[in-house]
2 protein chains.
Amino acid sequence: MSMSFKELMKVLGLGAVALVLGVEWLNWLMRRLRDSRGPLKEVLFFPSPQVCVEHLFIRHKHFPCACPLPHGIETSFSRLLVHLLSARMSLDLCVFSFSHMELSRAILLLHKRGVVVRVVTDRDYMTITGSQIGALRKAGICVRHEMSSAVHMHHKFALVDGRKLITGSLNWTLTAVQSNKENIMVTEEPELMGPYQQEFQKLWEANDPANHKPQCTNGQLNIKTCKDR
Amino acid sequence: MSMSFKELMKVLGLGAVALVLGVEWLNWLMRRLRDSRGPLKEVLFFPSPQVCVEHLFIRHKHFPCACPLPHGIETSFSRLLVHLLSARMSLDLCVFSFSHMELSRAILLLHKRGVVVRVVTDRDYMTITGSQIGALRKAGICVRHEMSSAVHMHHKFALVDGRKLITGSLNWTLTAVQSNKENIMVTEEPELMGPYQQEFQKLWEANDPANHKPQCTNGQLNIKTCKDR
(Lines give C-alpha, C1' and ligand atoms only; values in the text may rest on other atoms or scores of the structure.)
Protein backbone atom coordinates (compact mmCIF):
# COMPACT_ATOMS: atom_id res chain seq x y z
CA MET A 1 0.00 0.00 0.00
CA SER A 2 1.50 3.28 -1.08
CA MET A 3 1.19 6.61 0.77
CA SER A 4 0.84 10.07 -0.71
CA PHE A 5 3.40 12.73 0.31
CA LYS A 6 0.66 14.55 2.28
CA GLU A 7 -0.22 11.39 4.21
CA LEU A 8 3.44 10.72 4.97
CA MET A 9 3.83 14.26 6.37
CA LYS A 10 0.75 13.74 8.57
CA VAL A 11 2.13 10.50 10.03
CA LEU A 12 5.57 12.05 10.61
CA GLY A 13 3.98 15.13 12.23
CA LEU A 14 1.85 13.04 14.55
CA GLY A 15 4.88 10.89 15.36
CA ALA A 16 6.89 13.98 16.32
CA VAL A 17 4.08 15.27 18.54
CA ALA A 18 3.78 11.83 20.20
CA LEU A 19 7.55 11.76 20.78
CA VAL A 20 7.57 15.23 22.37
CA LEU A 21 4.59 14.35 24.59
CA GLY A 22 6.22 11.05 25.55
CA VAL A 23 9.48 12.75 26.54
CA GLU A 24 7.53 15.38 28.52
CA TRP A 25 5.59 12.64 30.30
CA LEU A 26 8.79 10.76 31.16
CA ASN A 27 10.28 14.00 32.50
CA TRP A 28 7.21 14.55 34.67
CA LEU A 29 7.40 10.98 35.95
CA MET A 30 11.11 11.34 36.86
CA ARG A 31 10.36 14.60 38.67
CA ARG A 32 7.56 12.96 40.65
CA LEU A 33 9.81 10.04 41.60
CA ARG A 34 12.57 12.45 42.69
CA ASP A 35 10.07 14.50 44.70
CA SER A 36 8.78 11.41 46.46
CA ARG A 37 12.26 11.03 48.01
CA GLY A 38 11.41 14.38 49.54
CA PRO A 39 13.38 17.23 51.06
CA LEU A 40 16.79 17.11 52.81
CA LYS A 41 17.12 14.64 55.70
CA GLU A 42 20.54 14.19 57.29
CA VAL A 43 21.41 12.52 60.60
CA LEU A 44 24.69 13.25 62.40
CA PHE A 45 26.12 11.41 65.38
CA PHE A 46 28.67 12.55 67.92
CA PRO A 47 31.35 12.51 69.33
CA SER A 48 32.99 14.03 66.28
CA PRO A 49 36.76 13.72 65.74
CA GLN A 50 38.74 16.96 65.92
CA VAL A 51 39.65 18.19 62.44
CA CYS A 52 40.52 21.58 60.95
CA VAL A 53 37.38 23.59 60.02
CA GLU A 54 39.22 26.83 59.16
CA HIS A 55 38.25 26.61 55.47
CA LEU A 56 34.58 26.86 56.47
CA PHE A 57 35.16 30.27 58.06
CA ILE A 58 37.62 31.81 55.62
CA ARG A 59 36.29 31.25 52.13
CA HIS A 60 39.10 32.43 49.88
CA LYS A 61 42.17 31.40 51.82
CA HIS A 62 45.13 31.18 49.43
CA PHE A 63 47.35 28.98 51.58
CA PRO A 64 46.36 25.80 53.34
CA CYS A 65 45.85 26.12 57.08
CA ALA A 66 49.01 25.43 59.10
CA CYS A 67 47.28 24.09 62.22
CA PRO A 68 48.28 20.62 63.43
CA LEU A 69 44.75 19.16 63.09
CA PRO A 70 43.87 16.76 60.24
CA HIS A 71 42.72 18.60 57.08
CA GLY A 72 40.19 17.88 54.36
CA ILE A 73 38.10 15.52 56.46
CA GLU A 74 34.32 15.83 56.78
CA THR A 75 32.91 15.11 60.24
CA SER A 76 29.56 15.47 62.00
CA PHE A 77 30.81 18.74 63.47
CA SER A 78 31.98 20.14 60.13
CA ARG A 79 28.59 19.19 58.61
CA LEU A 80 26.85 21.05 61.46
CA LEU A 81 29.01 24.12 60.74
CA VAL A 82 28.28 23.90 57.00
CA HIS A 83 24.52 23.86 57.69
CA LEU A 84 24.73 26.79 60.14
CA LEU A 85 26.96 28.86 57.85
CA SER A 86 24.54 28.28 54.96
CA ALA A 87 22.22 30.88 56.56
CA ARG A 88 21.65 33.87 54.28
CA MET A 89 18.68 35.62 55.91
CA SER A 90 18.05 34.42 59.46
CA LEU A 91 19.14 32.05 62.20
CA ASP A 92 16.82 31.28 65.12
CA LEU A 93 18.63 29.38 67.83
CA CYS A 94 17.10 27.78 70.89
CA VAL A 95 19.81 26.18 73.01
CA PHE A 96 20.13 25.15 76.65
CA SER A 97 23.91 25.42 77.02
CA PHE A 98 26.22 27.32 74.66
CA SER A 99 29.95 27.38 75.36
CA HIS A 100 31.50 26.00 72.16
CA MET A 101 33.99 28.55 70.80
CA GLU A 102 33.79 27.58 67.13
CA LEU A 103 29.99 27.53 67.15
CA SER A 104 30.12 30.96 68.76
CA ARG A 105 32.51 32.10 66.02
CA ALA A 106 30.06 30.82 63.38
CA ILE A 107 27.14 32.73 64.92
CA LEU A 108 29.20 35.93 65.21
CA LEU A 109 30.26 35.55 61.56
CA LEU A 110 26.64 35.18 60.43
CA HIS A 111 25.71 38.27 62.45
CA LYS A 112 28.58 40.18 60.79
CA ARG A 113 27.33 39.07 57.36
CA GLY A 114 23.97 40.65 58.14
CA VAL A 115 22.06 37.46 58.94
CA VAL A 116 19.34 38.20 61.53
CA VAL A 117 20.27 36.05 64.53
CA ARG A 118 17.87 35.47 67.45
CA VAL A 119 18.82 33.32 70.44
CA VAL A 120 16.64 31.87 73.20
CA THR A 121 18.59 30.21 76.01
CA ASP A 122 18.37 28.92 79.57
CA ARG A 123 18.46 31.44 82.41
CA ASP A 124 20.81 29.46 84.67
CA TYR A 125 23.18 28.09 82.05
CA MET A 126 23.75 31.37 80.21
CA THR A 127 25.86 32.70 83.07
CA ILE A 128 28.05 29.66 83.78
CA THR A 129 31.80 29.79 83.13
CA GLY A 130 32.64 29.54 79.44
CA SER A 131 29.14 30.49 78.26
CA GLN A 132 29.29 32.31 74.91
CA ILE A 133 25.98 34.14 75.48
CA GLY A 134 27.79 37.23 76.81
CA ALA A 135 29.98 37.40 73.68
CA LEU A 136 26.91 37.18 71.43
CA ARG A 137 25.15 40.00 73.31
CA LYS A 138 28.30 42.11 73.26
CA ALA A 139 28.31 41.81 69.45
CA GLY A 140 24.72 43.06 69.35
CA ILE A 141 22.95 39.75 68.83
CA CYS A 142 19.48 39.55 70.38
CA VAL A 143 19.39 36.98 73.17
CA ARG A 144 16.37 36.17 75.33
CA HIS A 145 16.36 33.74 78.21
CA GLU A 146 13.71 31.65 79.90
CA MET A 147 12.11 34.07 82.35
CA SER A 148 11.07 31.52 84.94
CA SER A 149 13.84 30.24 87.19
CA ALA A 150 11.74 27.18 88.05
CA VAL A 151 12.02 25.60 84.60
CA HIS A 152 14.80 24.84 82.12
CA MET A 153 14.77 25.88 78.48
CA HIS A 154 16.13 22.50 77.45
CA HIS A 155 15.65 22.69 73.65
CA LYS A 156 18.62 22.32 71.33
CA PHE A 157 17.42 23.36 67.90
CA ALA A 158 18.25 25.89 65.20
CA LEU A 159 16.24 27.18 62.26
CA VAL A 160 18.22 28.32 59.21
CA ASP A 161 16.47 30.83 56.91
CA GLY A 162 13.09 29.63 58.20
CA ARG A 163 13.59 26.57 56.01
CA LYS A 164 16.13 24.19 57.54
CA LEU A 165 15.69 22.57 60.98
CA ILE A 166 18.66 21.33 63.03
CA THR A 167 17.54 19.47 66.17
CA GLY A 168 18.66 16.73 68.54
CA SER A 169 20.31 15.96 71.87
CA LEU A 170 23.47 18.03 71.27
CA ASN A 171 24.11 21.05 73.46
CA TRP A 172 26.54 23.58 72.01
CA THR A 173 29.45 22.60 74.27
CA LEU A 174 32.89 21.08 73.64
CA THR A 175 32.05 18.02 75.77
CA ALA A 176 28.91 17.35 73.75
CA VAL A 177 30.72 17.69 70.41
CA GLN A 178 33.96 15.88 71.27
CA SER A 179 33.08 13.36 73.99
CA ASN A 180 29.41 12.51 74.42
CA LYS A 181 27.19 10.15 72.49
CA GLU A 182 24.86 12.65 70.82
CA ASN A 183 22.64 13.03 67.76
CA ILE A 184 21.28 15.78 65.58
CA MET A 185 19.17 15.69 62.47
CA VAL A 186 19.01 18.28 59.74
CA THR A 187 15.85 18.44 57.67
CA GLU A 188 13.93 20.72 55.34
CA GLU A 189 10.74 18.70 55.79
CA PRO A 190 8.05 21.41 56.19
CA GLU A 191 5.90 19.22 58.46
CA LEU A 192 8.79 19.02 60.96
CA MET A 193 10.23 22.50 60.41
CA GLY A 194 6.88 24.29 60.85
CA PRO A 195 6.11 23.29 64.45
CA TYR A 196 9.66 24.17 65.60
CA GLN A 197 9.40 27.60 63.96
CA GLN A 198 6.11 28.19 65.79
CA GLU A 199 7.66 27.04 69.08
CA PHE A 200 10.58 29.41 68.59
CA GLN A 201 8.23 32.33 67.94
CA LYS A 202 6.17 31.41 71.01
CA LEU A 203 9.26 31.32 73.26
CA TRP A 204 10.64 34.49 71.68
CA GLU A 205 7.46 36.39 72.49
CA ALA A 206 6.90 34.79 75.91
CA ASN A 207 10.40 35.80 77.00
CA ASP A 208 10.28 39.36 75.71
CA PRO A 209 11.82 41.37 78.57
CA ALA A 210 9.37 44.19 77.82
CA ASN A 211 6.60 41.95 79.17
CA HIS A 212 8.42 41.12 82.39
CA LYS A 213 9.29 43.11 85.46
CA PRO A 214 12.99 43.00 86.30
CA GLN A 215 13.41 40.06 88.67
CA CYS A 216 16.91 40.75 89.90
CA THR A 217 19.65 43.35 89.72
CA ASN A 218 22.31 40.99 88.39
CA GLY A 219 23.95 42.92 85.52
CA GLN A 220 24.33 39.80 83.43
CA LEU A 221 20.59 39.33 83.28
CA ASN A 222 19.94 42.79 81.91
CA ILE A 223 19.10 42.70 78.23
CA LYS A 224 21.60 44.68 76.17
CA THR A 225 20.41 46.93 73.39
CA CYS A 226 20.21 44.99 70.13
CA LYS A 227 18.53 45.50 66.80
CA ASP A 228 15.49 43.61 67.92
CA ARG A 229 12.89 42.45 65.41
CA MET B 1 -27.25 8.82 11.16
CA SER B 2 -28.59 5.62 12.63
CA MET B 3 -26.57 2.94 14.42
CA SER B 4 -27.04 -0.81 14.34
CA PHE B 5 -27.53 -2.68 17.64
CA LYS B 6 -24.05 -4.23 17.23
CA GLU B 7 -22.43 -0.82 16.78
CA LEU B 8 -24.27 0.56 19.81
CA MET B 9 -23.02 -2.35 21.93
CA LYS B 10 -19.46 -1.68 20.74
CA VAL B 11 -19.65 2.02 21.70
CA LEU B 12 -21.18 1.20 25.11
CA GLY B 13 -18.57 -1.51 25.72
CA LEU B 14 -15.71 0.82 24.86
CA GLY B 15 -17.29 3.54 27.03
CA ALA B 16 -17.48 1.15 30.00
CA VAL B 17 -13.83 0.12 29.54
CA ALA B 18 -12.79 3.81 29.30
CA LEU B 19 -14.78 4.58 32.48
CA VAL B 20 -13.15 1.74 34.42
CA LEU B 21 -9.67 2.75 33.22
CA GLY B 22 -10.40 6.40 34.11
CA VAL B 23 -11.50 5.51 37.63
CA GLU B 24 -8.43 3.29 38.07
CA TRP B 25 -6.17 6.11 36.87
CA LEU B 26 -7.82 8.59 39.27
CA ASN B 27 -7.33 6.09 42.09
CA TRP B 28 -3.65 5.73 41.21
CA LEU B 29 -3.28 9.52 41.09
CA MET B 30 -4.91 9.95 44.53
CA ARG B 31 -2.65 7.25 45.95
CA ARG B 32 0.44 9.00 44.55
CA LEU B 33 -0.66 12.34 45.99
CA ARG B 34 -1.30 10.73 49.40
CA ASP B 35 2.08 8.98 49.29
CA SER B 36 3.86 12.21 48.46
CA ARG B 37 2.75 13.54 51.87
CA GLY B 38 4.91 10.68 53.12
CA PRO B 39 5.12 8.71 56.35
CA LEU B 40 4.12 9.78 59.89
CA LYS B 41 5.69 13.00 61.19
CA GLU B 42 4.53 14.34 64.54
CA VAL B 43 6.16 17.01 66.72
CA LEU B 44 5.40 17.26 70.46
CA PHE B 45 6.38 20.06 72.80
CA PHE B 46 6.69 20.04 76.55
CA PRO B 47 5.94 20.86 79.38
CA SER B 48 2.83 18.75 79.15
CA PRO B 49 -0.13 19.37 81.49
CA GLN B 50 -0.89 16.62 83.99
CA VAL B 51 -3.87 14.55 82.89
CA CYS B 52 -5.10 11.03 83.59
CA VAL B 53 -3.44 8.44 81.32
CA GLU B 54 -4.86 5.37 83.09
CA HIS B 55 -6.96 4.38 80.04
CA LEU B 56 -3.73 3.95 78.02
CA PHE B 57 -2.50 1.25 80.41
CA ILE B 58 -5.73 -0.60 81.17
CA ARG B 59 -7.50 -1.25 77.90
CA HIS B 60 -10.85 -2.63 78.93
CA LYS B 61 -11.60 -0.69 82.08
CA HIS B 62 -15.34 -0.77 82.71
CA PHE B 63 -15.55 2.23 85.01
CA PRO B 64 -14.02 5.63 84.43
CA CYS B 65 -10.88 6.32 86.46
CA ALA B 66 -11.59 7.96 89.81
CA CYS B 67 -8.33 9.91 90.07
CA PRO B 68 -8.55 13.69 90.55
CA LEU B 69 -6.66 14.53 87.31
CA PRO B 70 -8.51 15.83 84.22
CA HIS B 71 -9.81 13.03 81.97
CA GLY B 72 -10.20 12.58 78.23
CA ILE B 73 -7.58 15.16 77.30
CA GLU B 74 -4.80 14.45 74.82
CA THR B 75 -1.41 15.95 75.70
CA SER B 76 2.16 15.69 74.43
CA PHE B 77 2.83 13.18 77.19
CA SER B 78 -0.23 11.04 76.42
CA ARG B 79 0.79 11.05 72.72
CA LEU B 80 4.28 9.87 73.71
CA LEU B 81 2.74 7.05 75.77
CA VAL B 82 0.44 6.08 72.86
CA HIS B 83 3.43 5.82 70.52
CA LEU B 84 5.49 3.78 73.01
CA LEU B 85 2.60 1.46 73.87
CA SER B 86 2.01 0.85 70.14
CA ALA B 87 5.08 -1.47 70.18
CA ARG B 88 4.17 -5.04 69.22
CA MET B 89 7.58 -6.62 68.55
CA SER B 90 10.45 -4.53 69.91
CA LEU B 91 11.43 -1.36 71.71
CA ASP B 92 15.01 -0.09 71.57
CA LEU B 93 15.54 2.75 74.02
CA CYS B 94 18.61 4.95 74.31
CA VAL B 95 18.14 7.44 77.13
CA PHE B 96 20.48 9.50 79.31
CA SER B 97 18.26 9.85 82.38
CA PHE B 98 15.24 7.67 83.18
CA SER B 99 13.29 8.32 86.38
CA HIS B 100 9.71 8.90 85.13
CA MET B 101 7.40 6.42 86.88
CA GLU B 102 4.71 6.25 84.20
CA LEU B 103 7.24 5.81 81.39
CA SER B 104 8.80 3.02 83.46
CA ARG B 105 5.33 1.49 83.89
CA ALA B 106 4.86 1.61 80.10
CA ILE B 107 8.18 -0.15 79.44
CA LEU B 108 7.44 -2.82 82.07
CA LEU B 109 4.00 -3.38 80.50
CA LEU B 110 5.55 -3.83 77.04
CA HIS B 111 8.04 -6.32 78.49
CA LYS B 112 5.19 -8.21 80.15
CA ARG B 113 3.35 -8.32 76.81
CA GLY B 114 6.36 -10.03 75.24
CA VAL B 115 7.79 -7.04 73.42
CA VAL B 116 11.61 -7.35 73.22
CA VAL B 117 12.91 -4.32 75.14
CA ARG B 118 16.59 -3.25 74.99
CA VAL B 119 17.85 -0.22 76.91
CA VAL B 120 21.14 1.68 76.58
CA THR B 121 21.70 4.32 79.25
CA ASP B 122 24.29 6.54 80.90
CA ARG B 123 26.65 5.00 83.43
CA ASP B 124 26.48 7.83 85.97
CA TYR B 125 22.80 8.68 85.71
CA MET B 126 21.51 5.12 85.95
CA THR B 127 22.37 4.95 89.64
CA ILE B 128 21.03 8.33 90.81
CA THR B 129 18.09 8.53 93.19
CA GLY B 130 14.79 7.80 91.47
CA SER B 131 16.35 6.10 88.46
CA GLN B 132 14.05 3.42 87.03
CA ILE B 133 16.90 1.43 85.48
CA GLY B 134 17.08 -0.88 88.52
CA ALA B 135 13.35 -1.65 88.27
CA LEU B 136 13.71 -2.51 84.57
CA ARG B 137 16.62 -4.87 85.25
CA LYS B 138 14.78 -6.48 88.14
CA ALA B 139 11.94 -7.28 85.73
CA GLY B 140 14.42 -8.98 83.39
CA ILE B 141 14.78 -6.22 80.81
CA CYS B 142 18.21 -6.06 79.16
CA VAL B 143 19.97 -2.82 80.07
CA ARG B 144 23.46 -1.82 78.94
CA HIS B 145 25.26 1.32 79.99
CA GLU B 146 28.00 3.43 78.47
CA MET B 147 31.19 1.64 79.50
CA SER B 148 33.45 4.67 79.60
CA SER B 149 33.10 6.87 82.64
CA ALA B 150 34.70 9.77 80.73
CA VAL B 151 31.77 10.31 78.35
CA HIS B 152 28.02 10.67 78.67
CA MET B 153 25.49 8.63 76.71
CA HIS B 154 23.35 11.72 76.11
CA HIS B 155 20.93 10.38 73.47
CA LYS B 156 17.18 10.45 74.11
CA PHE B 157 15.61 8.31 71.43
CA ALA B 158 13.41 5.25 71.12
CA LEU B 159 12.74 2.90 68.21
CA VAL B 160 9.35 1.20 68.12
CA ASP B 161 9.16 -2.07 66.16
CA GLY B 162 12.20 -1.00 64.11
CA ARG B 163 9.84 1.33 62.24
CA LYS B 164 8.95 4.36 64.37
CA LEU B 165 11.57 6.82 65.69
CA ILE B 166 10.93 8.99 68.76
CA THR B 167 13.75 11.52 69.34
CA GLY B 168 14.39 14.96 70.79
CA SER B 169 15.63 16.85 73.83
CA LEU B 170 13.37 15.14 76.38
CA ASN B 171 14.93 13.00 79.08
CA TRP B 172 12.60 10.49 80.71
CA THR B 173 12.19 12.46 83.94
CA LEU B 174 9.25 14.16 85.65
CA THR B 175 10.95 17.58 85.45
CA ALA B 176 11.47 17.22 81.70
CA VAL B 177 7.85 16.16 81.08
CA GLN B 178 6.08 18.55 83.47
CA SER B 179 8.34 21.61 83.75
CA ASN B 180 10.99 22.07 81.06
CA LYS B 181 10.73 23.46 77.56
CA GLU B 182 11.39 20.29 75.56
CA ASN B 183 10.66 18.75 72.18
CA ILE B 184 10.33 15.32 70.64
CA MET B 185 9.44 14.23 67.16
CA VAL B 186 7.87 10.96 66.12
CA THR B 187 8.48 9.80 62.58
CA GLU B 188 8.34 6.71 60.40
CA GLU B 189 10.54 8.34 57.74
CA PRO B 190 12.99 5.52 56.81
CA GLU B 191 15.80 7.99 55.98
CA LEU B 192 15.67 9.29 59.57
CA MET B 193 14.78 6.02 61.28
CA GLY B 194 17.58 4.00 59.62
CA PRO B 195 20.60 5.90 60.99
CA TYR B 196 19.19 5.86 64.55
CA GLN B 197 18.61 2.11 64.35
CA GLN B 198 22.24 1.64 63.23
CA GLU B 199 23.47 3.89 66.05
CA PHE B 200 21.47 1.88 68.58
CA GLN B 201 22.94 -1.39 67.31
CA LYS B 202 26.45 0.10 67.42
CA LEU B 203 26.02 1.25 71.04
CA TRP B 204 24.37 -2.03 72.01
CA GLU B 205 27.34 -4.03 70.71
CA ALA B 206 30.00 -1.59 71.95
CA ASN B 207 28.61 -1.78 75.48
CA ASP B 208 28.20 -5.54 75.64
CA PRO B 209 29.55 -6.41 79.11
CA ALA B 210 30.99 -9.64 77.64
CA ASN B 211 33.55 -7.49 75.82
CA HIS B 212 34.59 -5.52 78.88
CA LYS B 213 36.54 -6.42 81.98
CA PRO B 214 34.67 -5.60 85.21
CA GLN B 215 35.69 -2.07 86.13
CA CYS B 216 34.32 -1.94 89.65
CA THR B 217 32.69 -4.13 92.26
CA ASN B 218 29.59 -1.96 92.67
CA GLY B 219 26.68 -4.39 92.58
CA GLN B 220 24.51 -1.94 90.66
CA LEU B 221 26.88 -2.01 87.72
CA ASN B 222 26.77 -5.78 87.36
CA ILE B 223 24.57 -6.83 84.51
CA LYS B 224 21.67 -8.97 85.70
CA THR B 225 20.68 -12.04 83.81
CA CYS B 226 18.19 -11.22 81.09
CA LYS B 227 16.94 -12.87 77.96
CA ASP B 228 19.58 -11.18 75.85
CA ARG B 229 19.28 -11.08 72.07
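Rules and cut-offs
Residues numbered from 1 in each chain as written. Chains lettered and ligands numbered in written order. Predicted model: local features only at pLDDT ≥ 70, side-chain atom pairs only at ≥ 80, totals over all residues. Heavy atoms only, no water. Contact = heavy atoms within 4.5 Å. Buried area = accessible area lost by both parts, 1.4 Å probe. Salt bridge = Lys/Arg side-chain N within 4 Å of Asp/Glu carboxyl O. Polar contact = N/O pair within 3.5 Å; in protein donor to acceptor, adjacent residues only side chain to side chain. Helix = DSSP H or I, 4+ residues; strand = E, 2+ residues; numbered from the N terminus. Nonpolar A, V, L, I, M, F, W, Y, C, P; charged D, E, K, R; others polar. Patch = residues over 30% accessible without salt bridge, like charges linked within 9 Å, V, L, I, M, F, W, Y side chains within 5 Å. Areas by Shrake-Rupley, 256 points an atom, 1.4 Å probe, with all protein chains shown as cover. Buried < 20%, exposed > 50% of the residue type's maximum accessible area, 1.4 Å probe, protein only. Least-squares fit on C-alpha atoms with pLDDT ≥ 70 in both. Phe/Tyr/Trp six-rings, centres within 6.5 Å; stacked < 30°, edge-to-face > 60°. Axes fitted to C-alpha atoms, helices over the stretch in contact; angles between N-to-C directions. Parallel < 35°, antiparallel > 145°, perpendicular 65-115°, else oblique. Left-handed = near helix turned anticlockwise from the far one by under 90°. UniProt positions renumbered as here; feature names shortened; annotations may be inferred.

Chemist: Let's hear about the interface of chain B and chain A: which residues, and what values?
Modeler: Taken together, the contacts link 34 residues of chain B with 34 residues of chain A. Buried surface at the junction of chain B and chain A, summed over both partners, amounts to about 3100 Å²; 61% is from carbon and sulfur atoms. Of all residues in chain B, Lys-41, Phe-45 and Lys-181 of chain B bury the most surface against chain A, accounting for 21% of the area lost on that side. Summed over the shared surface of chain B and chain A, the number is 6 salt bridges. Salt-bridge contacts for Lys-41 of chain A lead to Glu-189 of chain B; the nearest nitrogen and oxygen are separated by 3.9 Å. Our enumeration of links across chain B and chain A arrives at 18 residue pairs in polar contact (both at pLDDT 80 or more). Broken down by secondary-structure element, the contributors of at least two residues to the side of chain B that touches chain A are α1 (5-37), β1 (41-46), β5 (156-160), β6 (164-168), β7 (182-187) and α7 (190-206) of chain B. A per-element tally of the side of chain B that touches chain A places α7 of chain B first, with 6 residues. Grouping the constituent residues of the side of chain B that touches chain A by class yields 13 nonpolar, 11 polar and 10 charged.

Chemist: How would you sum up a nonpolar patch on the surface? Please name residues and give values.
Modeler: Residues and elements named next belong to chain A. Together, Met-3, Phe-5, Leu-8, Met-9, Val-11 and Leu-12 make up a nonpolar patch on the protein surface, roughly 610 Å² of accessible area in all. Note on placement: Phe-5 falls in helix α1 (residues 5-37). Assessed through its relative accessible area of 63%, Phe-5 is described here as exposed.

Chemist: Tell me about the relation of the copies chain B and chain A, and please be specific about residues and values.
Modeler: Expressed as a screw transformation, the operator carrying chain B onto chain A has a rotation angle of 180 degrees and an axial translation of 0.1 Å, and the superposed copies differ by an RMSD of 0.3 Å. Taken together, these values place the two copies in the relation of a two-fold axis. Most of the interface of chain B is mirrored in chain A: 100% of its interface residues are interface residues there too.

Chemist: So what's going on with the packing of aromatic side chains? Which residues, and what values?
Modeler: Following the criterion strictly, the structure yields 10 aromatic pairs over all chains and no others. Judged by centre distance (5.3 Å) and plane angle (75 degrees), the rings of Tyr-196 of chain A and Phe-45 of chain B are edge-to-face. Taken as a pair, Tyr-196 of chain A in helix α7 (residues 190-206) and Phe-45 of chain B in strand β1 lie in two separate chains rather than in one. With centroids separated by 5.1 Å and ring planes inclined at 75 degrees, the aromatic side chains of Phe-157 of chain B and Tyr-196 of chain B adopt a geometry described as edge-to-face. Taken together, the positions of Phe-157 of chain B in strand β5 and Tyr-196 of chain B in helix α7 put the pair 39 residues apart, joining distant regions of the chain. In this structure Phe-157 of chain B comes out as buried when scored by relative accessible area, which is 1%. Within the aromatic cluster, the residues linked to one another by ring pairs are Phe-45 of chain A together with Phe-157 and Tyr-196 of chain B.

Chemist: Please give an account of the packing of helix α3 (residues 76-85) of chain A against helix α4 (residues 101-112) of chain A that cites residues and values.
Modeler: Residues and elements named next belong to chain A. Orientation of α3 relative to α4, taken along the N-to-C sense of each, is 15 degrees, at an axis distance of 10 Å. Considering the angle they form, α3 stands roughly parallel to α4. Of the two elements, α3 crosses α4, and the hand of that crossing is right-handed. Residues Phe-77, Leu-80, Leu-81, Leu-84 and Leu-85 of α3 lie in contact with α4, whose contacting residues are Glu-102, Leu-103, Ala-106, Leu-109 and Leu-110.

Chemist: Can you lay out the UniProt feature "domain: PLD phosphodiesterase" (unreviewed entry) in chain A for me, pointing to particular residues and giving the numbers?
Modeler: Here the UniProt feature "domain: PLD phosphodiesterase" (unreviewed entry) sits at residues 149-176 of chain A. Span residues 149-176 of chain A is 11% helix and 36% strand, its end C-alpha atoms 24 Å apart.

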